[in-house]
Amino acid sequence: QVQLVESGGGLVQTGGSLRLSCAASGLTFSGYTMGWFRQAPGKEREFVAAISRSGGSTYHADSVKGRFTVSRDNAKSTVYLQMNSLKPDDTAVYYCAAELRGTPTRVAGSVNYWGQGTQVTVSS
């Protein structure tokens, strides 16, 4: 079965950095647009970033542009999210997402597979 396993979350101070990883199995990784969503307590799950099948195109939410960078390694079936200059508003559970489309929809309802999530907490 398909598994997306995130790692790399944790507690960091404002201005710090974290790198999230998501290892995929059970699917043809290079056939999926991969992305990241996040969900803070009491809020809806929101799009953070996505990367095309080949890695040639990336997409970032306005709230994280210039601070977060999504990348992928198809040989390792892994997608990454490098998060710099973290703010308390970035505190959320971060979810890895796989979407069977050439271009990400940025809509949670269109995601085919989800990871279990990893907690990111940014202290002020």
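Residues numbered from 1 in each chain as written. Predicted model: local features only at pLDDT ≥ 70, side-chain atom pairs only at ≥ 80, totals over all residues. Heavy atoms only, no water.

Moving on: the overall build of the chain. Helix and strand content of the chain: 0 helices and 11 strands. When the helices and strands of the chain are read in sequence order from the N terminus, they spell out β-β-β-β-β-β-β-β-β-β-β. In terms of overall dimensions, the chain has C-alpha extents of about 40 × 25 × 25 Å along its principal axes. Looking at the chain as a whole, 45% of its 124 residues are labelled buried. Considering only intrachain contacts with a sequence separation of at least 6, the fraction spanning at least 24 residues in the chain is 58%. (Helix = DSSP H or I, 4+ residues; strand = E, 2+ residues; numbered from the N terminus. Buried < 20%, exposed > 50% of the residue type's maximum accessible area, 1.4 Å probe, protein only. Contact = heavy atoms within 4.5 Å.)

Attention now moves to the layout of surface pockets. Taken as a whole, the largest pocket encloses approximately 200 Å³ of empty space. Taken together, Arg 38, Gln 39, Ala 40, Pro 41, Lys 43, Glu 44, Glu 46, Pro 88, Asp 89, Thr 91 and Ala 92 form the lining of the largest pocket. Among the residues forming the lining of the largest pocket, the class breakdown is 4 nonpolar, 2 polar and 5 charged. (1 Å grid on protein atoms, 1.4 Å probe; cavity = no way out; pocket = protein on both sides within 12 Å on 5 of 7 lines; lining within 4 Å. Points joined across faces, edges and corners; volume = space filled by probe spheres on them. Nonpolar A, V, L, I, M, F, W, Y, C, P; charged D, E, K, R; others polar.)

The next point concerns the pairing of strand β8 (residues 78-83). Of all 6 residues in β8, 5 are buried; the element is thus mostly enclosed. Strand direction decides the pairing type here: strand β3 (residues 18-25) and β8, joined by 6 bridges, are antiparallel. From the neighbouring strand, Ala 23 faces β8, where its bridge partner is Thr 78. Looking at chain direction, strand β7 (residues 68-73) and β8 are connected through 6 bridges and run antiparallel. Among the inter-strand pairings, Asp 73 is bridged to a residue of β8, identified as Thr 78. (Pairing = 2+ DSSP bridges.)

Right, let's get into the nonpolar core. A general feature of soluble globular proteins is that nonpolar side chains tend to end up buried together. In terms of nonpolar packing, the biggest core is built from 35 residues, with Met 34, Trp 36, Val 79, Leu 81, Met 83 and Tyr 94 touching the most fellow members. Of all the secondary structure elements, the ones that give two or more residues to this core are β3, β4 (33-39), β5 (46-51), β7, β8, β9 (92-99) and β11 (118-123). Every residue in contact with Met 83, bar those within four places of it in the chain, is listed here: Gly 16, Ser 17, Leu 18, Leu 20, Arg 67, Phe 68, Tyr 94 and Val 120. (Core = buried A, V, L, I, M, F, W, Y, C linked by side-chain atoms within 4.5 Å.)

This part takes up the packing of aromatic side chains. Tallied over the entire structure, the rule returns 4 aromatic pairs. One aromatic cluster is present, formed by Phe 37, Phe 47, Tyr 95 and Trp 114 through successive ring pairs. Its guanidinium or amino end placed over the ring of Tyr 95, Arg 45 lies 3.6 Å from that ring's centre, counting from NZ or CZ. Looking at Arg 72, its charged tip hangs above the ring of Phe 29, at a distance of 4.4 Å from the centre. (Phe/Tyr/Trp six-rings, centres within 6.5 Å; stacked < 30°, edge-to-face > 60°. Lys NZ or Arg CZ within 6 Å of the ring centre and 35° of its normal.)

Okay, the pairing of β3 next. The two faces of the sheet receive side chains in turn, since in a regular strand these alternate between them. Relative to β3, strand β1 (residues 3-7) runs antiparallel, the two sharing 5 bridges. Across the sheet, Ser 7 pairs through a bridge with Ser 21, a residue of β3.

Moving on, we get to unusual backbone geometry. Positive phi is not limited to glycine here, since Ser 77 has a value of about 50°. Structurally, Ser 77 is set in the loop between β7 and β8. Notably, Arg 106 is not glycine yet its phi reads approximately 65°, a positive angle. As for its placement among the helices and strands, Arg 106 is situated in the loop between β9 and β10 (113-114). Look at Arg 106 and you get partly exposed, because its relative accessible area is 39%.

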